[in-house]
Amino acid sequence: QVQLVESGGGLVQAGGSLRLSCAASGRTSSNYHMGWFRQAPGKERLFVAAINWSGGSTLYVNSVKGRFTISRDNAKSTVYLQMNSLKPEDTAVYYCGVALHNLEIGTTPWEYDYWGQGTQVTVSS
């Protein structure tokens, strides 16, 4: 069992920045991939970014490339999502997930085994 707790969401104007954090506890080690997804009201949960266990490999959805940066601190069992140049279309609940069994970084929700409760990000125009 792994528990994930996200924090750092909030209300920001377009062009602003936020930094999301996701702290893992429970059955944790550094040998797992982690990802961020987001879900707007009435929409499906969509991939945003993911990072492999060592932090040496990352993936991003095209719409956030150059604006968002995913990183991790294995000593703190925490993954971060630095979001810059935010746009109204980034508004959603952001979830972090952990993939315990994948060999490769996953970009679909069903590849992740545990999820946090989500944190709301609202970008005003």
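Scroll up to find the structure.
Report follows, based on the coordinates.

What counts and how
Residues numbered from 1 in each chain as written. Predicted model: local features only at pLDDT ≥ 70, side-chain atom pairs only at ≥ 80, totals over all residues. Heavy atoms only, no water. Helix = DSSP H or I, 4+ residues; strand = E, 2+ residues; numbered from the N terminus. Rg over C-alpha atoms; globule rule 2.2 N^0.38 Å. Buried < 20%, exposed > 50% of the residue type's maximum accessible area, 1.4 Å probe, protein only. Polar contact = N/O pair within 3.5 Å; in protein donor to acceptor, adjacent residues only side chain to side chain. Contact = heavy atoms within 4.5 Å. Salt bridge = Lys/Arg side-chain N within 4 Å of Asp/Glu carboxyl O. Phe/Tyr/Trp six-rings, centres within 6.5 Å; stacked < 30°, edge-to-face > 60°. Pairing = 2+ DSSP bridges. Axes fitted to C-alpha atoms, helices over the stretch in contact; angles between N-to-C directions.

## Concerning the overall build of the chain
For the chain, the helix and strand inventory stands at zero helices and 11 strands. Put simply, the chain runs from its N terminus to its C terminus through helices and strands in the order β-β-β-β-β-β-β-β-β-β-β. Taking 125 residues into account, the globule formula puts the C-alpha radius of gyration at 14 Å, and the chain, at 13 Å, falls close to it. Considering only C-alpha atoms, the chain reaches an extent of 40 × 30 × 25 Å along its principal axes. Going through the 125 residues of the chain one by one, you find that 43% of them count as buried.

## A look at the side chain of Asn52
Relative to the helices and strands, Asn52 resides in the loop between strand 5 (46–51) and strand 6 (58–60). A polar contact is formed between the side chain of Asn52 and the backbone nitrogen of Gly56, at a distance of 3.0 Å. Other than its neighbours up to four places away in sequence, Asn52 contacts Tyr32, His33, Ser57, Arg72 and Ile105.

## Describing the pattern of salt bridges
Counted according to the given criterion, the structure contains two salt bridges. Here Asp90 and Arg38 are joined by a salt bridge, their closest N and O atoms 2.9 Å apart. Placement of Asp90 in the loop between strand 8 (78–83) and strand 9 (92–99) and of Arg38 in strand 4 (residues 33–39) is noted, with a sequence separation of 52 residues between them. The buried category is assigned to Arg38, whose relative accessible area is 13%. As a salt-bridge pair, Arg67 and Asp90 come within 2.8 Å of each other at their nearest N and O atoms. With a gap of 23 residues between them, Arg67 in the loop between strand 6 and strand 7 (68–73) and Asp90 in the loop between strand 8 and strand 9 connect regions that are remote in the sequence. Salt bridges here are not isolated pairs; linked through shared partners, they connect Arg38, Arg67 and Asp90.

## Concerning the packing of aromatic side chains
How two aromatic rings sit relative to each other is set out by the distance from centre to centre and by the angle between their planes. One pass over the full model with this rule turns up four aromatic pairs. Geometrically, the ring pair formed by Phe37 and Phe47 is edge-to-face, given 5.6 Å between the ring centres and 75° between the ring planes. Separated by 10 residues along the polypeptide, Phe37 in strand 4 and Phe47 in strand 5 bring together distant segments of the chain. Given the relative accessible area of 13%, Phe47 is considered buried.

## Let's talk about the sheet that holds strand 8
The four strands are arranged 1-3-8-7 in an open sheet whose pairing can be described as antiparallel. In the strand order of this sheet, the two ends are held by strand 1 (2–7) and strand 7, each with one partner. Across this sheet, the average inter-strand angle for adjacent strands is 15°, counted without regard to direction. Strand direction decides the pairing type here: strand 3 (residues 18–26) and strand 8, joined by six bridges, are antiparallel. Bridged to Ser21 within strand 8 is Tyr80.

## Focus: the pairing of strand 7
Side chains Phe68, Ile70 and Arg72 of strand 7 all project onto a buried face; the interleaved residues Thr69, Ser71 and Asp73 project onto a face where none is buried. Where strand 7 meets strand 8, six bridges bridge the pair, whose relative direction is antiparallel. Bridge assignment links Ser71 to a residue of strand 8, and that residue is Tyr80. Taking the residues that link successive antiparallel strands as the turn, the strand 7-strand 8 hairpin has four residues, and the phi of Ser77 there is positive, at about 50°.

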